[in-house]
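Commentary on secondary and tertiary structure
What follows is each chain in one-letter form.
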Amino acid sequence: MDIKQVMVIGAGQMGSGIAHVHALAGFEVMLYDLDQASIEKGIQTITKQFQRQVEKGRMTEGEMDITLSRIHQSTELQDAKKADFIVEAVVENMEVKTNLFAKLDDLAPADTILATNTSSLPITEIAAATNRPEKVIGMHFMNPVPVMKLVEIIRGLATADDVYETVEALTKKLNKTPVEVNDFPGFVSNRVLMPMINEAIYTVYEGVATPEAVDEVMKLGMNHPMGPLTLADFIGLDTCLYIMETLHEGFGDDKYRPCPLLRKYVKAGWLGKKTGRGFYVYHK
């Protein structure tokens, strides 16, 4: 399948990053969100990232302008009628995603592939909301999207082989590395990462060590570029909790039980860097 027109649903941190890499790879991109302000904020983020590349001499002003001209703003879901490929990056909530995919199924051409950037939710369940489950696939980008090379590509139960092959080829055009993953809770990345973060939180909860000490052990002893508690703050503690709950529910195994301290921080509104406080305090 020849993909020319891409539609990205959601102009937040992940959606704007996904639009960024598609435009950079030469695709025409419609960046959709519910309101104009959200889209403009996403475009500003993309523009700042390109400006940094210009300052570093990695692209010219002309190349930046051409790339930005490929990104078109949309507040009309009806624009899905024009898309060859749609990838959503909306809130990590099954009801929201299934409602969205049902609408996209009605609007998009019959051969349009529908991809979800979910980090942990079942692709098969999302696909079941459509009449084209064979054309639904998971495409889990890592954050920050312009920098991180990995894309987990997740087949649903009904995903067709040619759809997988098309998305794999598309991922390579984005200068990313595709890795095929089966449809299990958390896939690979979050099934491995989140329990590690959760266990790091338990060590603080149980008084084994301070957050600073835990992070130093993992950075200096395990050669991690960032400690797990710093990483949790950057991801968002609410997101970490949601993924742990998804794993716990999906597998029914108490080894995925979220740490009570994680729940307490989320209830307190200490969500990490985005709220100014998590395991560390952040000053704007």
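The chain is annotated in an unreviewed UniProt entry as 3-hydroxybutyryl-CoA dehydrogenase of Halalkalibacterium halodurans. As recorded by UniProt, the Pathway (unreviewed entry) comment attached to the chain reads in full: "Lipid metabolism; butanoate metabolism." According to its UniProt record, the chain has this under Sequence similarities (unreviewed entry): "Belongs to the 3-hydroxyacyl-CoA dehydrogenase family."

What follows deals with helix α11 (residues 260-267). Considered for burial, the residues of α11 that qualify are Leu 261, Leu 262 and Tyr 265. Seen from one end, α11 has its buried residues packed into an arc of 105°, which puts them on one side. For α11, the exposed residues set more than 90 degrees away from the buried face come down to Lys 264 and Lys 267. Those residues of α11 hidden inside the fold are in contact with α7 (189-205) and α10 (237-251). Note on α11: the residue one or two positions beyond its end, Gly 269, has a positive phi of about 85°.

We now examine the packing of aromatic side chains. Aromatic rings in a pair are described by how distant their centres are and how their planes are angled relative to each other. Overall, the coordinates contain 5 aromatic pairs when judged by the stated rule. Between Tyr 265 and Trp 270, the aromatic rings sit 5.1 Å apart at their centres with planes inclined by 70°, giving edge-to-face as the arrangement. The exposure class assigned to Trp 270 is partly exposed, which follows from its relative accessible area of 29%. In this structure, Arg 155 packs its charged tip against the face of Tyr 164, placed 4.5 Å from the ring centre.

The end-to-end C-alpha distance of helix α1 (residues 13-24), which contains 12 residues, comes to 17 Å, matching closely the 16 Å that a straight helix rising 1.5 Å per residue would cover. Within α1, 10 of the 12 residues are buried, which leaves the element mostly enclosed by the surrounding structure. Inspection of α1 places Met 14, Gly 15, Ser 16, Gly 17, Ile 18, Ala 19, His 20, Val 21, His 22 and Ala 23 among the buried residues, and these make up the whole buried set.

Quick look at the UniProt feature "site: Important for catalytic activity" (unreviewed entry) in the chain now. The feature "site: Important for catalytic activity" (unreviewed entry), as annotated in UniProt, sits at His 140 in this numbering. Residue classification places His 140 among the buried positions, given a relative accessible area of 6%. In contact with His 140, other than residues within four places in its own chain, are Thr 116, Asn 117, Thr 118, Ser 119, Leu 150, Val 151, Glu 152, Ile 154, Phe 187, Ser 189 and Asn 190.

Turning next to the packing of helix α8 (residues 211-222) against helix α9 (residues 228-235). The description of two helices packed together rests on the angle between their axes and the distance between the axes. Across the interface, α8 lies against α9 with an axial gap of 7 Å and an inter-helix angle of 105°. Considering their axes alone, α8 and α9 lie roughly perpendicular with respect to each other. Where α8 abuts α9, its residues Pro 211, Val 214, Asp 215 and Met 218 lie against Pro 228, Leu 229 and Thr 230. Split by residue class, the contact of α8 with α9 holds 5 nonpolar, 1 polar and 1 charged.

Looking now at the pairing of strand β2 (residues 28-32). When you tally the buried positions in β2, you get 4 out of 5 residues, the bulk of the element. Examined bridge by bridge, strand β1 (residues 5-9) and β2 share 5 bridges and lie parallel to one another. Looking at β2, one finds that Val 6 is bridged to Val 29. With α1 bridging β1 and its parallel neighbour β2, the resulting β-α-β unit is right-handed. Bridging between β2 and strand β3 (residues 71-74) involves 4 bridges; their strand directions are parallel. When the bridges of β3 are listed, Val 29 appears paired with Ile 71.

Procedures and definitions
- Residues numbered from 1 in each chain as written.
- Predicted model: local features only at pLDDT ≥ 70, side-chain atom pairs only at ≥ 80, totals over all residues.
- Heavy atoms only, no water.
- UniProt positions renumbered as here; feature names shortened; annotations may be inferred.
- Buried < 20%, exposed > 50% of the residue type's maximum accessible area, 1.4 Å probe, protein only.
- Helix = DSSP H or I, 4+ residues; strand = E, 2+ residues; numbered from the N terminus.
- Arc of directions from axis to C-beta.
- Contact = heavy atoms within 4.5 Å.
- Phe/Tyr/Trp six-rings, centres within 6.5 Å; stacked < 30°, edge-to-face > 60°.
- Lys NZ or Arg CZ within 6 Å of the ring centre and 35° of its normal.
- Expected span 1.5 Å × (residues − 1).
- Axes fitted to C-alpha atoms, helices over the stretch in contact; angles between N-to-C directions.
- Parallel < 35°, antiparallel > 145°, perpendicular 65-115°, else oblique.
- Nonpolar A, V, L, I, M, F, W, Y, C, P; charged D, E, K, R; others polar.
- Pairing = 2+ DSSP bridges.
- Right-handed = clockwise from strand over helix to strand, strands pointing away.

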